[in-house]
Every structure is written in C-alpha cells, then in structure tokens.
Amino acid sequence: AGALARAEAKSSPGGVPCVVLEAMRRDADDRRDLAREDGLLGQLARCAGSVEERVDRARARGQVDAALAMLGTAVALDPERDDLGADRARLLVGAGRAADAVRELAAWVAQDPADVLRRVRLADAQVAVGQMAEARRTIAQALATRPDVPDVRRAARALGVPLPLDDQRVDGREAIRAFLKDGPARSASAGASAAPAVIALDRDVTRVFPTGATMTLTHEIVRVDSKDAIDQFGEITVPPGAEILTLRTHKPDGSTREPEEIAGKETISAPDLQIGDFVEWELLETQPPAAAFAPGFLTDRFYFQSFDAPMARSELTLILPRGMPLQLDARAGAPRPVETDGPDGTRLLTFAAHDVPQLFAERAAVPAVEYVPSVRASSGVSWRGWARYLTEELHDAVRVSPAVRSLADKLREGAGGDPARAAAAIVDWVTSHIEASDELAVPAGATLARGRGSRVALALALAAELGVRAEPVLARSRLTADPGEPVPPQELDDFADTLVRFQLPGAAAPVYADLRLRHAPFGYVPPGLNGARTLSLADGSFGLAHSRGEDRRTIDMTIRLDERGAGVAVATEDLSGWPALEWAELLDQFGADRDRLREDFEQRWLGVQFPGARLRDLQVDLPRDGSGRIGRARVRYSFVASHLAVPIERPGTGGREMRIAPTFFRSQPGRRFAAEPQRSTALVLGFDVPTRMTAIVELPKTARLDAPGLDSDLVVSRAGGYRFVEARDVEPGRPNVIVLHRESTLPIMRVAPDQYAGVAADLRRVDGAEQAEIRIRLGGPTRGAAAR
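None of these values were measured; they are calculated from a predicted model.

Account for the overall build of the protein, with residues named and values stated.
A tally of helices and strands in the protein yields 22 helices and 34 strands. Scored against the burial criterion, the 788 residues of the protein give a buried share of 49%. Here the protein displays about 36,900 Å² of accessible surface, and carbon together with sulfur accounts for 50% of that area.

This is the structure we're talking about:
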C-alpha cells in the first residue's frame, strides 16, 4: 500500500493528486461536461491505481491510445497488475493492431507459462492475425498441462486440435462386430446366453498429466436382451461436468438412432431401444490437479466384473508421464497390466479381462471392493500427506475470534478449571447449539455467528482457547472394513467419519467424541465406530476408537391371557446407548405433540412386536447426567391385544388347547444372515443392540403346565462373537405361569466362507427355538403339556 501511495504521488500531474483528478473526472462525467472530462482523462493517463473505469470510459469515447497509455502506466508503476496485459491486448485487437497484441500476449504468457488462460488469449490473438499454425501450437501446449480447463478444450475443438485421448477412442461399430463374431463362444464361457443383457464393452482410459490433472474416457456398449434390461440400461446418467461424445442405439440392420435431450430431465433416454439392440455411450471427464496430491493423483476404482450383466470385454488403460511413480491397489485377482510406449513419451498400461461372468450379490456380504476384481491407481498419495493436507485446511478454520473467545470464557467458568468438565462442556454446547454441515473447514467464528457450520472446527477452537488437548481424527467404520484389515492409501475415503479425540490429564486412554450426536454422553461413540481404526491428522498415525458408553436393551414384561387368547400386557424397557439416543431424537421430532408420539410408537414399534395391539399408556423417561446428556432411557407402556394366543378345539377329544407364538423381541439371525446354503463371499453380522427380555405370561386359571414337560434351555454362542439364549420355564409354585427369557448379542463380526456352514447352523437353531409355539391344554390340570 505504501509503494502504491508513493507511485501515485510521483505520478501526480502538476502536483495534483491522482485521487483528486479522478474525483474531478467523475464530476465532469456527471455534469456531461465532455470537454473537461477529455482533458482530465489526458492527465489521468499518467496515474496508477484502479484504472479499469478510466479505461472503459476512454474506450467508450473512442480514445484507444489514451486507454492504452493508462494501462501501460498502471503496469509500469504497479508490476503486480500483470492481469492488465489481457486488457491491453483486447484494446489492441479492437484497434486493428492484432500483431501488436500477439507480441504483448506472448510476453505476458512468458511471465507465467503455467497460466493456460493466458495461452487461450494468445491463441485468440494469433487467430485474429491469421497465425493458425501458431495458435494450434499454443493450444496444444495448454492441453499438455491443463486439459481440465473448459476454455482450453473449447479452443482446441474450435481450432481442430485433437484432445489428448482422441487417439484412444475405438469405433463402436467395430466393437459390436467383434462381439457378434465371437458371440457363441463368449455366451457359453461368460454365461451370457441366459442373462438379461451383455456388456459388450466396458472401457476406461485415463491419462495423467505432469500437473496431476486427469482426463478419463468412458466407453460402454450393452446389448439388451430383455424388458428389464431396457429399463435398466435405457436411461443414461451423465455425471456433472462430463462431455457426451457418443450416445446412440445400434439396430440389428446396422442403423443408429440419436437421442434428444429433454430440459430438466436428469437422464438421457436411449432412443427406440428394443430387445436385441445395442446401446452405446461415450463420455469424457476431466479433473483438475488434486490439491492434496498434486502433481500426484488418485483415480476412481475400476471394476472388472459387474452385478448387472456378464462382460465380454472389460478394459482399463492408464497413460502416465515417464518418471512419474505409480502405486496400484489391485484386489481380488484383478488382471495384470501390460506396459507399452504411449504417445508423447508416456507409458501406457493396459488391464484387460474377457468373458467375465455376471456376479450375484449375497446377503449381508462384505463391501464389493473386497471380492470384485478391481484396480485403483495413484501417485504421491500417502496417509501422512493426506493428514497434513487436512490439517492445513483446518488451520485457519480453528482460529479463535472474539466471539469464540467470549464463549470459551463462559464455558471456563462452568468447568471450574477441570479439563474433563471443560471438554464435556465443549461437546455439549457445540452439539446443542450448532447445526452441522458437511464441510469440515468452515471457520469457527463463522460457524458460531451463523449457528451452522463445522462443529469440529468450533470445538477445536474452543478447546485451544480453554487449554484442552484435542485433535481431529478420521475413523473407518467397522462395517466398511475390519479394524485389523490393511490400510492402503488409495482407500483414504474409507476414513469418512470425523471424531474429536481428547487427551485428558490423568486419563488412561483418550476420549473420543462424535459431534454428529446431539444427546450422547461425553465419550460415547456409535456401534459402527466403537473399536474402529482411526487416522490422526496430527501425524498420520493409526489408532483405535473406543466408546465410554454401553449399548443395551433390557425388557421386563407381564402378559395376562384369558381363555380366548386375548390379553393385557405391561412392559418396561431400560435402554442405554444407541436406543436411548433414538428415543431422544424421537422426542425432539415430536416435541409436545404426545398424540403423534403415541401414534408413531404404536405403528412402528408396538405393532411390529404385537400385531393388532392397541396402546393404552406410554411413559418415556430420559434422565440426564451431570452435563445434561442422555445416556439412559426408560420406556413404560401397556397395551391390549385380542390375539396374543390362539385357542383351538382338539377334534375327537372334546378338549381345547391354546397356542402361543412368542414373536415379540425375536432376533431371528438365521432368517437375516443364513439364507444361503453356502457362500463365496465373507458374511458381515450385526450390529444388534444386546437385548435381554424376561416375559411372565399368566395363563387362564384352567390352564396348567408341568415343568417336566418343557423343553430344555437353548444357548448358542461363539467365542468372541454372538450369544443367544432361549429359555421357557414354569414359575415355581405357579403351574399356570410361564417365564420366557431371551438374550441376544450380535456384534459386528465377519464370517469367512469356510466358516459359514457352522455359523449358519447356529443361527438357524436360534430361529427354530424362537419360532416354536407354546402349546397349553385348557380345561383343568393335565399331564404332559408341552412348551416347544
């Protein structure tokens, strides 16, 4: 600022400050005193500062030389304003001096060769003077570094300069002819003859440039052989920013149909698509250099097998600058690359698979990346680098503003100098008062002012001000990968959950907080992240997150039945952890509208456990801990139902019996996880909230149960994993009272295919025990009553 002021003073004509001359010019403009304004513009030609308005005014008056002089003076006095070079070039072209514009723009490009927009402007000027060959070379140089810039690609197409992947495109008609030629053999090997569709070509070509920018060509050709396939493949979704190169339907006679885009429609329909036709689409996508990795890169994962249809040809091509290091994360037997020389001194790697059968998903399987052949390429990607990049992104966001400092002072008063209480107060205030957004690096001051933004950034800023040691960590859900699984840096987006880790004095272990949870007690982590692998943003090291809260459901219930099978029931549920938080969110949702709460509970919970039941009373208690958080809940309710049991007349005996199907609070793990006779992929079990239920069923007075007639208790368990208990007994001294006890513990765990048979047998045994009816003879004391 001081240098600009001195330049202004030095350039002031006749000792009159430039700012005064500018004020006088504006006054003359307002008064429409054109002669006076002309004179002032001449004097202002020697002034620096903001010249855009003066230049526009002079150009509008036809005073091109004056405008050029102003721009020249501004650049000479303030060399940082090199952006004015483009304005000078435009003026020169407008004045018919395109050759001068080319010379100035060439010098302007030389000042910053990496700025490809400067090259585009130079090419425009070269075209204006007829230097077409030079313009093409200029755009080719821009394409070689930043093909992701739309202006560069548009200029290339206008000048007929081929894009970097144009020579990698294949003719769709030729691909279809090759597919049809080998059709019978491929159908037999890939199982395509019975498939609803066949993917004739699935091809990606990705070129990486020295800057880290990438360009990807995607080419798909699918033959539709069923109505379902027409519905599935007949609508093409174009990713945002992608350019459509080809989209057409191929008919058996060799003719094609082109689609019409419909405004407002998110997909494009393949035109006149019928059974036996081929639908082809070809897309071009570009990505700028990734700020976290440049000049390195990270591609999307390419899969060589599909759940949608068998594949005749699946191919991935990578084109890289020679000397650029390459890391590959290949999974599940992905094909090996074949390396050849690529264009412009690059290396070309091709991964190809042929006649690949269709995949069929198994229930509750591990993520597809673990068993579908795939490749993901990268360069310069590391956990430490990723952590450092995110830390830099957060650096400015966690700066303490006066408002944040004022809030920290209020929290400090309540904490009384105790770091643990201060940390809990931070989590409590932020989750209670701030609406969370998806952005991690929203400045803490802005988040506090708006009441919406990054809870993590605000919590870290408050912790820094209060002297509490806190750092952000990223967590990988246990449903995504087992904590002990490898952590290749290509899968950094698996660490998708952000926690705040507090290091408290005297604590044996760090305390983790998930700031997405509004009511959770301090240190509670949801089941999917409890025990999950974490990545520290401070140093890129790995750890494990642990929760200080327990997830549990305990149910005590009394059911009184009459001889018609109707009855009344009273139940109490004691909840902790996740089910308690669900109730807290539900009460927030319905607020003071208890009628809606009762209706929701009756339909979504009570009606599922006891079909046809009618709610009589509902009470929900949510006691809060010392910091006002909810870790437990107690729910009491009573209801009546007309079909809790089914009375049956026994033909030929004149007797009656009652059958009870205890379908309430069943876990049914076999139905959910053991439906297949065998598996080829690993099974993921859980998570279910550990549940203990005790139900006392009081039978009519005419019913009797003898303890020797009851089945023995069932206990199914696996070391370090699940545990189920099903027990049915007669209460001592009360032969018409059944005590039904159930326990189910189903943590997140993985079952390898070779272990599946034993696990499936366990889970099906549990289903059978839970589904077994209880049969009771009515009409007086009997012997041999059975509870099964």
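Let's pick the thread back up.
Go over the pairing of strand β17 (residues 469-476), please, and point to the residues and values.
Of all the eight residues making up β17, six are buried; the element is thus mostly covered by neighbouring parts of the structure. Direction of pairing for β17 relative to strand β20 (residues 533-536): antiparallel, over a ladder of four bridges. Counted as the bridge partner of A475 is T534 from β20.

Residues and numbers for the packing of aromatic side chains, please.
The full count for this structure, using the stated rule, is 18 aromatic pairs. Aromatic side chains F302 and F304 sit 4.9 Å apart centroid to centroid with 75° between the ring planes, which places their arrangement in the edge-to-face category. By relative accessible area, which is 6% here, F302 ends up buried. Aromatic side chains F610 and F665 sit 6.3 Å apart centroid to centroid with 75° between the ring planes, which places their arrangement in the edge-to-face category. Here the residue F610 occupies a position in the loop between α20 (594-609) and β24 (614-621), and F665 occupies one in the loop between β27 (656-660) and α21 (669-673), the gap between them amounting to 55 residues. For the residue pair F610 and F665, the accessibility class agrees, reading buried in each case.

If you had to explain the sheet that holds β27 to someone new, which residues and values would you point to?
Taking strand neighbours across the sheet as the criterion, the three strands line up as β26-β27-β34 in an open arrangement whose pairing is antiparallel. If you trace the sheet from one side to the other, it starts and ends with β26 (646-649) and β34 (774-778), each paired once. Ignoring which end each strand starts from, the neighbouring axes of this sheet average 30° apart. One ladder, built from four bridges, connects β26 with β27; its direction is antiparallel. Residue pairing in the sheet places I648 in a bridge with E657 of β27.

Please give an account of the side chain of S667 that cites residues and values.
Residue placement: S667 occurs in the loop between β27 and α21. Within polar-contact distance, the side chain of S667 engages the side chain of E770 at 2.9 Å. If sequence neighbours within four positions are ignored, S667 has contacts with R672, F724, S744, V766 and E770.

Describe the packing of helix α16 (residues 419-433) against helix α18 (residues 455-466), naming the residues involved and giving the relevant values.
Helix packing for two helices is described by the angle between their axes and how far apart those axes are. Following both chains from N to C, one finds α16 and α18 inclined at 150°, their axes separated by 10 Å at the closest point. One finds that α16 runs roughly antiparallel with respect to α18. The chirality of how α16 crosses α18 is right-handed. The segment α16 lies against α18, with A422, I426, W429, V430 and T431 engaging R455, L458, A459, L462, A463 and L466. Classifying every residue of the contact of α16 with α18 gives nine nonpolar, one polar and one charged.

Before we move on, can you summarise the sheet that holds strand β4 (residues 243-250) with the specific residues and values?
Within the open sheet, the eight strands sit side by side as β5-β4-β7-β2-β1-β10-β13-β12. Their pairing is mixed. Two strands close off the open sheet at either side, each with one partner strand: β5 (256-257) and β12 (338-341). Set on the sheet, helix α10 (residues 150-159) makes contact with β2 (214-224), β4 and β7 (278-287); between it and β4 the angle comes to about 60°. Helix α11 (residues 172-181) contacts β1 (197-208), β2, β4, β5, β7 and β10 (311-321) of the sheet and is inclined by roughly 45° relative to β2.

Can you lay out the nonpolar core for me, pointing to particular residues and giving the numbers?
Residues L458, L462 and F502 are the most contacted members of the largest nonpolar core, which totals 47 residues. Considering every element that reaches this core, the biggest residue donor is α18, with nine residues. Counting residues in hydrophobic clusters, the runner-up holds 44 residues, among them F610, F639, F665 and I774.

Before we move on, can you summarise the pattern of salt bridges with the specific residues and values?
Within the structure shown, the criterion is met by 52 salt bridges. A salt bridge links R146 to D148; the nearest nitrogen and oxygen atoms lie 2.7 Å apart. A relative accessible area of 23% means that R146 is categorised as partly exposed. A relative accessible area of 10% places D148 in the buried class. Two residues, E698 and R560, come together in a salt bridge whose shortest N-O distance is 3.2 Å. Remark: R560 occurs in strand β22 (residues 552-561) and E698 occurs in strand β29 (residues 688-698); sequence separation between them is 138 residues. In this structure E698 comes out as buried when scored by relative accessible area, which is 18%. A cluster of three or more residues bridged by salt bridges with shared partners is formed by R301, D329, R331, R376, E491 and D493.

I'd like to hear about the packing of helix α7 (residues 98-111) against helix α8 (residues 116-128), residue by residue, with values.
Closest axis-to-axis distance for the α7/α8 pair is 9 Å, and the angle between their directions is 160°. With respect to α8, the element α7 is oriented roughly antiparallel. Crossing of α7 against α8: the hand is left-handed. In contact with A98, V102, L105, A106, W108, V109 and Q111 of α7, α8 contributes R118, R119, R121, L122, A125, Q126 and A128. Looking at the contact of α7 with α8 residue by residue, the classes come out as nine nonpolar, two polar and three charged.

Mind laying out unusual backbone geometry, listing which residues take part and the relevant values?
Following A294, the chain continues into P295 via a peptide bond in cis, with omega recorded as 5°. Considering the arrangement of structural elements, one finds P295 in the loop between β7 and β8 (297-298). Despite not being glycine, A332 shows a phi value in the positive range, around 55°. Under the relative-accessibility criterion, A332 is labelled partly exposed at 36%. Although it is not a glycine, D355 sits at a positive phi angle of roughly 55°. Checked against the element boundaries, D355 lands in strand β13 (residues 346-356).

Before we move on, could you go through the layout of surface pockets and cite the residues and values that matter?
Sizing a probe to match a water molecule and rolling it over the atoms shows the empty space that remains. The computed volume of the largest pocket comes to approximately 1,000 Å³. Contributing to the lining of the largest pocket are 43 residues, with D204, T218, E285, D300 and R301 lying nearest its centre. Of the residues belonging to the lining of the largest pocket, the class tally is 22 nonpolar, twelve polar and nine charged. Each pocket or cavity is described by its volume, and for the second largest pocket that value is around 640 Å³. Lining the second largest pocket are 25 residues, with S437, D438, E439, L440 and T498 positioned closest to its centre. If you list the elements that add at least two residues to the lining of the second largest pocket, you get α14 (383-395), α18 and β18 (497-503).

How would you sum up the confidence of the model for the protein? Please name residues and give values.
With 85% of its residues at a pLDDT of at least 70, the protein reaches an overall mean of 87. Confidence drops under pLDDT 50 across residues 780-788; counting only partners more than four residues distant or on other chains, this segment forms 27 contacts.

Describe the side chain of D329, with residues and values.
Among the secondary structure elements, D329 is positioned in strand β11 (residues 327-331). Judged by relative accessible area, D329 falls into the buried class, the value being 9%. At a separation of 2.6 Å, a polar atom in the side chain of D329 contacts the side chain of R301. Here R331 takes part through its side chain, which lies 3.1 Å from a polar atom of the side chain of D329.

Quick notes on the rules
- Residues numbered from 1 in each chain as written.
- Predicted model: local features only at pLDDT ≥ 70, side-chain atom pairs only at ≥ 80, totals over all residues.
- Heavy atoms only, no water.
- Helix = DSSP H or I, 4+ residues; strand = E, 2+ residues; numbered from the N terminus.
- Buried < 20%, exposed > 50% of the residue type's maximum accessible area, 1.4 Å probe, protein only.
- Areas by Shrake-Rupley, 256 points an atom, 1.4 Å probe, with all protein chains shown as cover.
- Pairing = 2+ DSSP bridges.
- Phe/Tyr/Trp six-rings, centres within 6.5 Å; stacked < 30°, edge-to-face > 60°.
- Axes fitted to C-alpha atoms, helices over the stretch in contact; angles between N-to-C directions.
- Polar contact = N/O pair within 3.5 Å; in protein donor to acceptor, adjacent residues only side chain to side chain.
- Contact = heavy atoms within 4.5 Å.
- Parallel < 35°, antiparallel > 145°, perpendicular 65-115°, else oblique.
- Left-handed = near helix turned anticlockwise from the far one by under 90°.
- Nonpolar A, V, L, I, M, F, W, Y, C, P; charged D, E, K, R; others polar.
- Core = buried A, V, L, I, M, F, W, Y, C linked by side-chain atoms within 4.5 Å.
- Salt bridge = Lys/Arg side-chain N within 4 Å of Asp/Glu carboxyl O.
- 1 Å grid on protein atoms, 1.4 Å probe; cavity = no way out; pocket = protein on both sides within 12 Å on 5 of 7 lines; lining within 4 Å.
- Points joined across faces, edges and corners; volume = space filled by probe spheres on them.
- pLDDT = per-residue confidence, 0-100.

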